[in-house]
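# Inside the fold
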Amino acid sequence: MKRLALRTGVRWKISIAIAAVGALIAVALSLVVHNAARVSMIENAREVQLERLLGAQRFYEATNMQKGGPKFGAKLNDPAIPPSLRDEVRKNRRATHVTETSDGVPDVWAAVPLANGDVLSLHTRFADRSATIMDDLDRALIIGSVSVVFGGCALGVLIGGQLSRRLRKAAAAAGRVAEGHTDVRVREAVGGVVRDETDELARAVDALTDALNERIEAERRVTADIAHELRTPVTGLLTAAELLPPGRPTELVRDRAQAMRTLVEDVLEVARLDSASERAELQELPLGEFVSRRIGLLDPDVTVQVVHESWVSTDPRRLERILGNLLGNAAKHGSTPVEVTVEGRVVRVRDHGPGFPEELLRDGPSRFRTGSMDRAGHGHGLGLTIAAGQARVLGARLTFRNAAPVGAAEGTGGAIAVLWLPEHAPTATGSFPMLRTADERQPQG
């Protein structure tokens, strides 16, 4: 049974924690204050009750215990005296006693022994004024406790919101680094004056990014150096193969030597693209006409449909390289017919084969990984990698998807590669070219 996972933000977790702690403290303090005030008032009531009884005793004894009994509400030998209070009086002690009643208002007793053995007692309920004061105190404690809870929530939202924003900025910056923007620094994205654990996390991610960049750069240099060193012997191998006598062995040697030369050139191109030193040489051209003409030269069997013509500012050499690699991939791993559609600034290349592998759709093109295990060594998995790299140089976006849903029969869908050309492509200087007007695009007579 799948466990239900609840997702909450740091802001609300901190708010709930502060509110809970504030509520516990407010309740504890309220109970302490309430009990202390109640005990103090009851003790004061005992003292007042005893003073009143002593006054009644002095008046009763001053009148020589005349007929008519004691005054001021005092009673002689009251049978309702609580047993514990009666025991204290029997020990010849003055004492007080408080009895809790069902309505919550206590009864206050006071009793003193007389010289003749009688017991003089006074019984009254807790003063109404004291009960009112306790009610007002309880009301104030409740209001204060609620205010503390809401204040704690507001403080938690404020503190947690600041921390949450810093963490979100750090996550966004780390996401951009994961997308390939290695110049992004998480510490700069977080910013702020306060220094906390978020800054330590940002510094750690930046250090990891720097180390990863250094490793990637080292690998790129090694790859480029190896490929560069291989160019001379491979060229010599091709020259030597041309001198061999005609025959099947000669054709095999030439084919493998040419494949090795293509691999070396592709590796060098990937190294140049990884170094981010490539710059586009822009020209304005009609995209539909250009694609139709180039694909007609590359593969006349491919169907080209121009839905909507559009002028674009791009590098024709790099665009042709992208189209050639996409068609080559469709020819190797797809099935005919191969269709190319141009709609505005969007170019779609579709075949009717089994489609792209799941790894490519999930992670994107990866060098030296073809997704096919039965190709007997045809290709080396750099075609789509180079196409994606050239698209980045053009400021374009290259996406991949399958036409058929998962589980559909083979041959019913196919693979679709979509090239999205930008409206304004950056030049080598980082600026943007001036777009020609519609009148300027008309051919001159």
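Note that this is a predicted model, so its numbers are computed, not measured. (Residues numbered from 1 in each chain as written. Predicted model: local features only at pLDDT ≥ 70, side-chain atom pairs only at ≥ 80, totals over all residues. Heavy atoms only, no water.)

## Topic: the environment of Met 134
Looking at the element boundaries, Met 134 is found in helix 3 (residues 128-178). With a relative accessible area of 5%, Met 134 lands in the buried category. Sequence separation of Met 134 and Met 41 is 93 residues, and the distance between their C-alpha atoms is 8.9 Å. Setting aside residues no more than four positions away along its own chain, Met 134 makes contact with His 34, Ala 37, Arg 38 and Met 41. (Helix = DSSP H or I, 4+ residues; strand = E, 2+ residues; numbered from the N terminus. Buried < 20%, exposed > 50% of the residue type's maximum accessible area, 1.4 Å probe, protein only. Contact = heavy atoms within 4.5 Å.)

## A word on the pairing of strand 8 (residues 339-343)
Examined bridge by bridge, strand 6 (residues 303-308) and strand 8 share five bridges and lie parallel to one another. Within strand 8, the residue paired with Val 306 across the bridge is Val 342. As defined by bridge partners, strand 8 adjoins strand 9 (residues 346-350) across five bridges and the pair is classed as antiparallel. Pairing of Glu 343 across the sheet is with Val 346, part of strand 9. Between strand 8 and strand 9, which pair antiparallel in sequence order, lie two residues; one of them, Gly 344, sits at a positive phi of approximately 65°. (Pairing = 2+ DSSP bridges.)

## What about the environment of Phe 356?
Looking at the element boundaries, Phe 356 is found in the loop between strand 9 and helix 9 (358-363). Judged by relative accessible area, which is 9%, Phe 356 ranks as buried. Along the chain, Phe 356 and Arg 401 lie 45 residues apart, while their C-alpha atoms are 7.0 Å from each other. Excluding its chain neighbours within four sequence positions, the residues that come into contact with Phe 356 are Asn 329, Leu 361, Leu 384, Phe 400, Arg 401, Asn 402, Ala 415, Ile 416 and Ala 417.

## A short note on the sheet that holds strand 11 (residues 415-420)
Taken in spatial order, the five strands of this open sheet run 6-8-9-11-10, and their pairing is mixed. The sheet is open, and its two borders are formed by strand 6 and strand 10 (397-402), each paired with just one other strand. Averaged over neighbouring strand pairs, the angle between their axes works out to 15° when direction is ignored. With six bridges joining them, strand 10 and strand 11 adopt antiparallel strand pairing. (Axes fitted to C-alpha atoms, helices over the stretch in contact; angles between N-to-C directions.)

## A closer look at the packing of helix 8 (residues 316-333) against helix 10 (residues 383-393)
In contact at an axis separation of 9 Å, helix 8 and helix 10 are set at 155° when each is read in the N-to-C sense. By the angle class used here, helix 8 and helix 10 are roughly antiparallel. Note that helix 8 runs across helix 10; the crossing there is left-handed. For the pair formed by helix 8 and helix 10, the contact residues are Arg 318, Arg 321, Ile 322, Asn 325, Leu 326 and Asn 329 on the first element and Gly 383, Leu 384, Ile 386, Ala 387, Gln 390, Ala 391 and Val 393 on the second. Tallied by class, the residues present in the contact of helix 8 with helix 10 amount to seven nonpolar, four polar and two charged. (Parallel < 35°, antiparallel > 145°, perpendicular 65-115°, else oblique. Left-handed = near helix turned anticlockwise from the far one by under 90°. Nonpolar A, V, L, I, M, F, W, Y, C, P; charged D, E, K, R; others polar.)

## Section: the UniProt feature "transmembrane region" (unreviewed entry) in the chain
Following the UniProt record, one finds the feature "transmembrane region" (unreviewed entry) at residues 12-33 and 140-159. Between the first and last C-alpha atoms of residues 12-33 the distance is 31 Å; the span itself is 100% helix and 0% strand. For residues 140-159, helix accounts for 100% and strand for 0%, while the C-alpha atoms at its two ends are 28 Å apart. (UniProt positions renumbered as here; feature names shortened; annotations may be inferred.)

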